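If you want the building blocks of each chain, they are given just below.
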Amino acid sequence: MSIDVHQHLWTPSFLDALRRRSEPPFLDGWTLVLDGEAPYEVDPGDHDVDARVKLNADLDLALISLSSPLGIEHLPPSEAWPLIDAYHFGARGLPRPFRAWAAAPVTDIDPVRLSHTLDQGFAGLQLPATALQSAEGFGTVAPLLDVLEERGLPLFVHPGPAATSEGPSWWAAVVPYVQQMHASWFAFQAFARPRHPGLKVCFALLAGLAPLHSERQINRGASGRGLVDPDVFVETSSYGPRAIDAVIRELGIDVVVNGSDVPYAEAPSLEFGDAARHAIRVANANRLLSRKESQS
C-alpha cells in the first residue's frame, strides 16, 4: 500500500470559496492574490481531479492538505471557517486514492467541531508551523491536540504564510518555510511533548532538517542523546537522497515517510533499496496513520 502523506488539490468548492472573497487570500479567475506577495498564476491543470487520479495511479493513498501558506488558519473566524468548510466539503467528495487532513483556524479553537470533522473520515489534523513555534502557540492549540491524542490520530505540521515578498521565486520555500519547520520541531520537543505524551506528529519537509541540529542542541544543554521519539515522523517533500539519508542517519528509517507536495514538487527518488523504499512508502506511513490507543 504505497502512500503519499502530502499533496494539495483545490476542489471546485474550495476554488469557489476563494473566488467569492475580495480580500487576500482570494482568486481572481486563476490569479491568486495574497498579502505581501506578487500575484501568482495558478495552473488549472494542477487541480484537475481526473488528471490527478491518473498521476497517482501507483498510489494506494494520497493525503490532501489545506494550503496553509495562504494564511487561512490565521484569518478571523468569520473568514476562516467558510474557506475551511469548503475545503472539507470538497475533500470528502474526492475519489480514491484520496483522503485528507482536517484543518482548523488557530483563531477559533473548537475541539467539538474538530471531533465532528474527524468523524467524517479525515486522517488527522494539519496546523501551520507559524502557529506552533512557542509555548504560547502550542498552549493555544492544546485542546485540538487533546482531541487527536484521545483518538490516536496524528498532527501534520505544514509551513504557514511566508510573510515576505522579497527574494527570487524559490525564496519562500527555502528560507521562511524551512525556518518555520525548524522552530516548530524544537518547540514541539520543548513544550508540546510533555503535555501530549501519546500524540503522533508528522513534520513536513523533513522538519526543515532540524533533526540534523541535535548535536548542537545537546552541546548547548539539551538531554536525550541517542533517543528517538517513535511517534514523531518527518516526510520527505522537496528533498532528495542526500538530505533523506542524513536524516535517516540521525533518526533511523522508521520515522521517515513519503511526501511529495504535488503539484509543487514530486516525490523524491529513494535510492536506498527495496526494503527502505517499502519502509518509507508503506510501513512507516501506515504506522503514522493507524489509530493509536490513548494513553490517558
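Not measured: the values here are computed from a predicted model. (Residues numbered from 1 in each chain as written. Predicted model: local features only at pLDDT ≥ 70, side-chain atom pairs only at ≥ 80, totals over all residues. Heavy atoms only, no water.)

K.L.:
Pulling in residues and values, what's your account of the overall build of the chain?
P.N.:
Assigned secondary structure in the chain consists of eleven helices and eleven strands. Its C-alpha atoms give the chain a radius of gyration of 18 Å, near enough to 19 Å, the size a compact globule of 296 residues would have. Projected onto its principal axes, the C-alpha positions of the chain cover 50 × 40 × 40 Å. Burial status across the chain gives 52% buried among its 296 residues. Within the chain, residue pairs in contact and separated by at least 24 positions form 73% of the contacts whose partners lie at least 6 positions apart. For the chain, the exposed surface amounts to about 13,200 Å²; the carbon and sulfur share of it is 52%. Treating the 23 positive side-chain charges of the chain as one cloud and the 36 negative ones as another, the clouds have centres 6 Å apart. (Helix = DSSP H or I, 4+ residues; strand = E, 2+ residues; numbered from the N terminus. Rg over C-alpha atoms; globule rule 2.2 N^0.38 Å. Buried < 20%, exposed > 50% of the residue type's maximum accessible area, 1.4 Å probe, protein only. Contact = heavy atoms within 4.5 Å. Areas by Shrake-Rupley, 256 points an atom, 1.4 Å probe, with all protein chains shown as cover. Lys, Arg positive; Asp, Glu negative; His and termini not counted. Charge placed at Lys NZ, Arg CZ, Asp CG, Glu CD.)

K.L.:
Talk me through the pattern of salt bridges; I want residue IDs and the actual numbers.
P.N.:
Taken as a whole and judged by the stated rule, the model has seven salt bridges. A salt bridge links arginine 21 to glutamate 79; its shortest N-O distance comes to 2.9 Å. Within this pair, whereas arginine 21 is found in the loop between helix H1 (12–19) and strand E2 (26–28), its partner glutamate 79 is found in helix H3 (residues 77–92), the two being separated by 58 residues in sequence. Residue class for glutamate 79 comes out partly exposed when judged on its relative accessible area of 28%. For aspartate 146, the salt bridge identified is with arginine 195, shortest N-O distance 2.8 Å. (Salt bridge = Lys/Arg side-chain N within 4 Å of Asp/Glu carboxyl O.)

K.L.:
For the nonpolar core, give the residues involved together with the corresponding values.
P.N.:
One finds Trp10, Leu127, Trp185, Phe203 and Val234 to be the most contacted residues of the largest nonpolar core, which totals 88 residues. Among all residues touching tryptophan 10, those that are not within four sequence positions of it are Leu15, Leu18, Leu27, Leu32, Val42, His47, Ser67, Leu70 and Tyr264. (Core = buried A, V, L, I, M, F, W, Y, C linked by side-chain atoms within 4.5 Å.)

K.L.:
Give me the lowdown on the sheet that holds strand E1 (residues 3–7), citing residues and values where you can.
P.N.:
Sheet architecture is open: three strands sit in the order E1-E5-E6, paired in parallel fashion. Each edge of the open sheet is held by one strand with a lone partner, namely E1 and strand E6 (98–100). Recorded for the sheet is a direction-independent mean angle of 25° between the axes of neighbouring strands. Contacting E1 and strand E5 (61–64), helix H11 (residues 274–289) crosses the sheet at an angle of about 65° to E1. (Pairing = 2+ DSSP bridges. Axes fitted to C-alpha atoms, helices over the stretch in contact; angles between N-to-C directions.)

K.L.:
Run through the packing of aromatic side chains, naming residues and quoting values.
P.N.:
In the structure shown here, the tally under the stated rule is seven aromatic pairs. With centroids separated by 6.1 Å and ring planes inclined at 75°, the aromatic side chains of phenylalanine 188 and phenylalanine 203 adopt a geometry described as edge-to-face. With phenylalanine 188 in helix H8 (residues 176–192) and phenylalanine 203 in strand E9 (residues 201–203), this residue pair connects regions lying 15 residues apart in the sequence. Classification of phenylalanine 188 as buried rests on a relative accessible area of 2%. A relative accessible area of 0% places phenylalanine 203 in the buried class. Stacked on the ring of tryptophan 30, the Lys or Arg arginine 19 has its end atom at 4.6 Å from the ring centre. One cation-aromatic arrangement involves arginine 113 over tryptophan 81; the distance from NZ or CZ to the ring centre is 3.6 Å. (Phe/Tyr/Trp six-rings, centres within 6.5 Å; stacked < 30°, edge-to-face > 60°. Lys NZ or Arg CZ within 6 Å of the ring centre and 35° of its normal.)

K.L.:
Go over empty space enclosed by the protein with me, naming the residues and quoting the values.
P.N.:
The full count for this structure, using the stated rule, is one cavity of 30 Å³ or more. Together, Trp10, Tyr40, Val42, Asp43, Asp46, His47 and Tyr264 line the largest cavity. For the lining of the largest cavity, the residue count by class is four nonpolar, one polar and two charged. (1 Å grid on protein atoms, 1.4 Å probe; cavity = no way out; pocket = protein on both sides within 12 Å on 5 of 7 lines; lining within 4 Å. Points joined across faces, edges and corners; volume = space filled by probe spheres on them. Nonpolar A, V, L, I, M, F, W, Y, C, P; charged D, E, K, R; others polar.)

K.L.:
Give a detailed account of the layout of surface pockets, specifying residues and quantitative values.
P.N.:
Space inside the largest pocket adds up to approximately 990 Å³. What lines the largest pocket is a set of 34 residues, among which Glu37, Ser169, Ala172, Ala173 and Tyr177 lie closest to the centre. By residue number, the principal contributor to the lining of the largest pocket is helix H7 (residues 171–174), which donates three residues. Tallied by class, residues from the lining of the largest pocket come to 21 nonpolar, ten polar and three charged.

K.L.:
Could you give an account of the pairing of strand E7 (residues 125–128), naming the residues involved and the relevant values?
P.N.:
Burial along E7 is two-sided: the face carrying Leu125 and Leu127 and the face carrying Gln126 and Pro128 are both buried. Bridge count between E7 and strand E8 (residues 155–158): four bridges; the pairing is parallel. Its bridge partner being in E8, leucine 125 is matched across the sheet by leucine 155.

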